[in-house]
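Coordinates in review
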Amino acid sequence: MLHARRPQYRTSLQHRRTAALAGTAALAAAALTACSSADANTASDKPATVTVNLSGSQVKAGEQVKVTARGGKLTEVTVADTKGTKLTGRLAKDGTSWTSDRKTAPGASYTVTAQSTGDGGAKDSKTSSFRTVAADKVNKLDWRPGAKSTVGVAQPISLVFDHPVKNKAEVEKQLKVETSNNTEGSWGWMQDWSGKDRVDWRPREYWQPGTKVKLKAQLAGVDSGEGGWFVRDYATDFTVGERQVVSVDLDTKQLTLTRGGQRVRTIPISGGTPGGDKASWRGTTVLMSKEGTINMNSETVGLGNSYNKMVDYSMRLSWSGTYAHAAPWNAAYFGRANHSSGCIGMSDADAAALYGQVRVGDPFEIKGQETKGLIAPNNGFGEWNLSWDAWQAKSALRG
């Protein structure tokens with residue numbers, strides 16, 4: 001009988017042990033669930049810790065704004081100055097940091113607003129501000145063509161700086177050209193005729209008529225080097241007009257205006273007297289301005305006292321004093337001989353007609369044996385005389 005009852009005892013003992021183990025497991029499970037619930041509640045109540053790398057009122061200019069989040073992610077960051085100008089930026093893929101695309105400008109106050117979400121879902125918004133130190137020296141620029149203008153097919157974008165630009169590559173990176181038809185072009189640096197630093201953007205070929213062009217010079221916050229800081233952005237936009245080309249043949253002493261490939265008029269002319277400083281330049285230059293009636297004094301261009309007179313229908317082609325204009329005093333030489341002081345002269349009637357038909361930016365393609373050389377890239381807009389490879393080599397970003 002004892003042997004018959006022992007298995008029942010073992011079964012009962014095993015049952016009690018199994019029940020005890022099950023109870024212990026149940027308690028452990030309850031405790032783990034309670035801990036997890038507490039942690040989740042704590043995390044959901046805790047927002048992300050957001051920090052900004054710049055603070056105070058004496059911040060060095062030219063720094064990027066960096067915002068970071070610990071214990072969560074950034075959802076939106078806005079950085080704006082007191083004028084409402086915003087610094088755009090990029091959010092990292094993991095959402096834990098944001099960096100501005102551009103650098104801070106001197107003497108500006110910025111407000112940073114960061115939206116974030118904690119790891120547990122808690123949303124938060126934080127705002128901070130800082131001010132940059134003013135620049136000791138400010139650089140500025142002048143530009144062509146003017147906004148909302150319509151120009152000829154050879155018109156480059158030209159920027160001339162008040163002070164020297166040592167950091168040319170940094171400046172060039174911030175010069176954005178947008179065109180309506182993805183025109184290929186390049187920047188090229190040179191010393192302007194005035195002696196100042198200059199950078200031009202020209203297409204590979206003449207512009208296509210109807211092209212719309214926008215320049216965004218996003219220079220605020222860029223240090224030009226010894227020339228000082230830029231404290232503002234610049235912008236201009238223009239449209240390219242119909243294709244007009246002025247061909248000047250100094251051998252035949254004829255000027256021809258074509259529009260859309262069709263000849264509009266041919267004019268007998270007299271160019272610069274060959275054999276010395278009074279000879280004309282050859283090559284492609286660009287109509288810079290239509291100046292009407294002006295005083296021309298040879299002493300201002302290094303030709304002594306050759307002339308000092310009022311000249312009508314003056315069309316500037318170079319900084320060194322080359323014009324196309326009316327020259328009735330030279331009528332005996334039109335179509336026969338080059339006998340001017342370097343300009344392209346014609347009758348009053350022909351000059352008036354040409355003046356009324358050409359526009360700023362039209363190319364003047366001058367050829368002939370009796371010239372004093374090829375016009376320089378910086379003497380007006382002579383960059384069209386460089387090959388495309390040679391022009392691209394003048395970019396600071398291709399060195």
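So, here's what we can say about the structure.

Here we come to unusual backbone geometry. Of the consecutive residues Arg144 and Pro145, the connecting peptide bond is found in the cis state with omega at -5 degrees. Relative to the assigned elements, Pro145 resides in the loop between β9 (141-144) and β10 (149-151). In this model, Lys148 sits at a positive phi of 65 degrees, which is unusual for a non-glycine residue. Looking at where Lys148 falls in the secondary structure, it is placed in the loop between β9 and β10. Since its relative accessible area comes to 68%, Lys148 is described here as exposed. Although it is not a glycine, Tyr313 adopts a positive phi angle of roughly 55 degrees. The partly exposed category is assigned to Tyr313, whose relative accessible area is 32%.

Here we take up the pattern of salt bridges. For the coordinates displayed, the defined rule picks out 13 salt bridges. A salt bridge links Glu184 to Arg204; its shortest N-O distance comes to 3.6 Å. Highlighted residues: Glu184 in the loop between β12 (175-179) and β13 (185-191) and Arg204 in the loop between β14 (197-203) and β15 (212-217), separated in sequence by 20 residues. According to the relative accessible area criterion, Glu184 is partly exposed, its value standing at 42%. The salt bridge partner of Arg198 is Glu383, with a shortest N-O separation of 3.7 Å.

Here we take up the sheet that holds strand β11 (residues 157-161). If you trace the 4 strands from one edge of the open sheet to the other, you get β9-β11-β14-β13, paired in antiparallel fashion. Only two strands of the sheet have a single partner each, and these edge strands are β9 and β13. Averaged over all neighbouring strand pairs, the angle between strand axes comes to 15 degrees, with direction disregarded. Sheet analysis places β9 next to β11, joined by 4 bridges and oriented antiparallel. Directly across from Asp142, in β11, lies its bridge partner Val160.

One pass over the structure, following the stated rule, counts 8 aromatic pairs. Centre to centre, the rings of Phe161 and Phe230 are 6.0 Å apart; their planes meet at 65 degrees, and the pair counts as edge-to-face. You can see Phe161 sitting in strand β11 and its partner Phe230 sitting in the loop between β15 and β16 (234-240), a full 69 residues away along the chain. As far as burial versus exposure is concerned, Phe161 and Phe230 are alike and both buried. Counting every residue linked through ring pairs, the aromatic cluster contains Phe161, Trp189 and Phe230. Across from the ring centre of Trp329, 4.0 Å away, lies the NZ or CZ of Lys309, which sits over that ring.

Another point: the side chain of Ser158. Along the chain, the position of Ser158 falls in strand β11. A polar atom in the side chain of Ser158 sits 2.6 Å from the side chain of Asp200. In contact with Ser158, other than residues within four places in its own chain, are Asp142, Trp143, Arg144, Arg198, Val199, Asp200 and Phe381.

Moving on, we get to the sheet that holds β16. With mixed pairing, the 4 strands of this open sheet are ordered in space as β10-β16-β15-β12. The open sheet has two free edges, formed respectively by β10 and β12, since each of these has just one partner strand. For this sheet, the mean inter-axis angle between neighbouring strands, taken without regard to orientation, is 25 degrees. Where β12 lies against β15, 5 bridges are found, and the strand directions are antiparallel. Opposite Val177, over in β15, you have Leu215 as the bridge partner.

Basis of the calculations
Residues numbered from 1 in each chain as written. Predicted model: local features only at pLDDT ≥ 70, side-chain atom pairs only at ≥ 80, totals over all residues. Heavy atoms only, no water. Helix = DSSP H or I, 4+ residues; strand = E, 2+ residues; numbered from the N terminus. Buried < 20%, exposed > 50% of the residue type's maximum accessible area, 1.4 Å probe, protein only. Salt bridge = Lys/Arg side-chain N within 4 Å of Asp/Glu carboxyl O. Pairing = 2+ DSSP bridges. Axes fitted to C-alpha atoms, helices over the stretch in contact; angles between N-to-C directions. Phe/Tyr/Trp six-rings, centres within 6.5 Å; stacked < 30°, edge-to-face > 60°. Lys NZ or Arg CZ within 6 Å of the ring centre and 35° of its normal. Polar contact = N/O pair within 3.5 Å; in protein donor to acceptor, adjacent residues only side chain to side chain. Contact = heavy atoms within 4.5 Å.

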